[in-house]
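Reading the structure
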Amino acid sequence: MSSSSVLPRRIVVLISGSGTNLQALIDALNTPSLPHAEITLVLSNRKAAYGLTRAKEATPPIRTAYLALQPYLKANPGKTRDDYDAEVAKIVLQESPDLVVLAGWMHVFGDGFLDLVYGIKAPSEDTEPVKKPIPVINLHPALPGTFDGANAIERAYEAYQKGEIKHSGVMMHKVVKAVDRGEPLIVREVAFEDGDTLESFATRLHKVEWEIIVQATKRMLDEVKPVLAET
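Keep in mind it's a predicted model, so treat the numbers as computed, not measured.

Judged by pairing direction, the sheet is mixed, and its seven strands sit side by side in the order β4-β3-β2-β5-β6-β7-β8 without closing on themselves. A single partner strand is all that each edge strand has here, and the edge strands are β4 (64-66) and β8 (184-191). Shown here is a sheet whose adjacent strand axes are inclined to one another by a mean of 20 degrees, direction ignored. As paired strands, strand β5 (residues 99-102) and strand β6 (residues 136-140) are joined by three bridges and run parallel to one another. Its bridge partner lying in β6, V101 is registered against I137.

Right under this line is the structure:
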């Protein structure tokens, strides 16, 4: 007689830096905040990213991968940025993930990545496109429609110093081709306080990031139909 158990939902996380947001996800795995989930791969485009160490030191250890744009282009003459994006997508697709989370991933994806994970194109001539688009979500340290792109925290703080704004914020959003313009999933305002330095504001904002990256990941995974494994 067999019984059934729920297979964990599979997450791939892409990082570029210290991995504090990744750590928030790791800490939430298989708690009420993020049940029945596993991170199957952490991929970085920077070899020295400490997030890779966080993944390796997790319990159990999480597999890691590294692929950077410029070394890829140098090793593959004639290849383009789109080719690099497609190569990252192929690595991701090998994991058969239910969700891809960009957690401080400092590279803007173009068609090469999005067309493959969203099932618009096939990974290669002898394969079929993915049957079900794989959702991709991104953490951005600004409110929707403000401070798109890089250095959002610094630009918001500069605007605060000029008296132009009294608060900024963070959001998790779905990834589309337009930078930081995908549908917001969770938005949280973070107010500036009297005497704030860039560092004190950033510290307060990062703590909110650690909360919403887990919340948005759970929300997206809740839309994935559980798969039962026979035991």
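On we go from here.
By the definition in use, this model includes seven aromatic pairs. Look at Y160 and F192: their rings are 4.2 Å apart centre to centre, the planes differ by 5 degrees, and that puts the pair in the stacked class. Within this pair, whereas Y160 is found in helix α6 (residues 152-161), its partner F192 is found in the loop between β8 and α7 (198-221), the two being separated by 32 residues in sequence. Taking relative accessible area as the criterion, Y160 reaches 22% and is therefore assigned partly exposed. With a centroid separation of 4.1 Å and 20 degrees between ring planes, the pair formed by F192 and F201 is classed as stacked. By relative accessible area, which is 0% here, F201 ends up buried. Through pairs of rings, three or more aromatic residues link up here, namely Y157, Y160, F192 and F201.

Over its 13 residues, helix α4 (residues 81-93) extends 18 Å from the first C-alpha to the last, a length consistent with the 18 Å expected when each residue adds 1.5 Å. Taken residue by residue, α4 has Y84, D85, A86, V88, A89, I91, V92 and L93 as its buried positions. Buried positions along α4 lie against β2 (9-15), β3 (37-44), α3 (69-75), β5 and α5 (111-117).

Cut-offs used in this document
Residues numbered from 1 in each chain as written. Predicted model: local features only at pLDDT ≥ 70, side-chain atom pairs only at ≥ 80, totals over all residues. Heavy atoms only, no water. Pairing = 2+ DSSP bridges. Helix = DSSP H or I, 4+ residues; strand = E, 2+ residues; numbered from the N terminus. Axes fitted to C-alpha atoms, helices over the stretch in contact; angles between N-to-C directions. Phe/Tyr/Trp six-rings, centres within 6.5 Å; stacked < 30°, edge-to-face > 60°. Buried < 20%, exposed > 50% of the residue type's maximum accessible area, 1.4 Å probe, protein only. Expected span 1.5 Å × (residues − 1). Contact = heavy atoms within 4.5 Å.

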